[in-house]
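Descriptive structure summary
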Amino acid sequence: MHKIKSSLNARLIAMFLFKSVVTGAAVSALLSALCAFIIFKTDISFEYSKYISIAICAAAACACGYVCAKGFKNSGFLIGAVSVAPMLIFSLINMIISSTEFYIFAIKLVLCIACAGLCGAAAVKNSKKIRVKK
């Protein structure tokens, strides 16, 4: 377990970025495929897909925040919130290219940071010292 210090080494940062990108992409792809299958089988209108994407991003952010903060001892909320940066950059580029509404991106932004931060805070291992009374 690593404690966040001012002198983080390059390997730790590279592994953090790798975990962040792979976890976010894998969970987003799996949930998107599952939701696409459900939409196809139940014949749901594609108008609801933008709202389903909010739920997919929130679930991926939870997984990403938890996985990235698992190996650290402190600052779980911050690590979780930072871990979703690649996913939010992807969502921003997707919003610009596909010209979706800004409020959808704003909801994703707030929800992803909150979910990832809370899951990151739950994942850190706080080592509490236990005092033994004599």
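All values derive from a computational prediction rather than experimental measurement.

With that settled, the discussion passes to the layout of surface pockets. Considered as a void within the structure, the largest pocket measures approximately 580 Å³ in volume. Every residue lining the largest pocket is counted, 30 residues in all, and those nearest its centre are S53, C57, F90, N94 and K108. At the level of secondary structure, the elements contributing two or more residues to the lining of the largest pocket comprise α1 (10-42), α2 (49-69), α4 (85-98) and α5 (102-123). When residues of the lining of the largest pocket are assigned to their parent elements, the largest contribution, 9 residues, is made by α1. A class-by-class count of the residues in the lining of the largest pocket yields 16 nonpolar, 11 polar and 3 charged.

Before going further, it helps to examine the environment of L17. As for its position among the elements, L17 is in helix α1. Judged by relative accessible area, L17 falls into the partly exposed class, the value being 45%. A sequence separation of 67 residues divides L17 from V84, and the C-alpha atoms of the two residues are 9.8 Å apart.

Turning our eyes to something else, we now look at the pattern of salt bridges. Tallied over the entire structure, the rule returns 1 salt bridge. For K50, the salt bridge goes to E101, with nearest N and O atoms at 3.5 Å. Here the residue K50 occupies a position in helix α2, and E101 occupies one in the loop between α4 and α5, the gap between them amounting to 51 residues. Overall, the relative accessible area of 34% leaves E101 in the partly exposed class.

One finds A61, V84, M87 and C112 to be the most contacted residues of the largest nonpolar core, which totals 17 residues. Listed by contribution, the elements that provide at least two residues to this core are α1, α2, α4 and α5. By residue number, the principal contributor to this core is α2, which donates 6 residues. Apart from residues no more than four positions distant in its own chain, M87 is found in contact with G24, S28, C57, A60, A61 and C112.

The first and last C-alpha atoms of α5 sit 31 Å apart over 22 residues, in line with the 32 Å expected at 1.5 Å per residue. Listed as buried for α5 are I104, F105, K108, C112, C115, A116, G117, G120 and A123. On the buried face of α5, the contacting elements are α2, α3 (76-83) and α4.

Conventions used here
Residues numbered from 1 in each chain as written. Predicted model: local features only at pLDDT ≥ 70, side-chain atom pairs only at ≥ 80, totals over all residues. Heavy atoms only, no water. 1 Å grid on protein atoms, 1.4 Å probe; cavity = no way out; pocket = protein on both sides within 12 Å on 5 of 7 lines; lining within 4 Å. Points joined across faces, edges and corners; volume = space filled by probe spheres on them. Helix = DSSP H or I, 4+ residues; strand = E, 2+ residues; numbered from the N terminus. Nonpolar A, V, L, I, M, F, W, Y, C, P; charged D, E, K, R; others polar. Buried < 20%, exposed > 50% of the residue type's maximum accessible area, 1.4 Å probe, protein only. Salt bridge = Lys/Arg side-chain N within 4 Å of Asp/Glu carboxyl O. Core = buried A, V, L, I, M, F, W, Y, C linked by side-chain atoms within 4.5 Å. Contact = heavy atoms within 4.5 Å. Expected span 1.5 Å × (residues − 1).

Just geometry here; none of it tells us what the structure is for.
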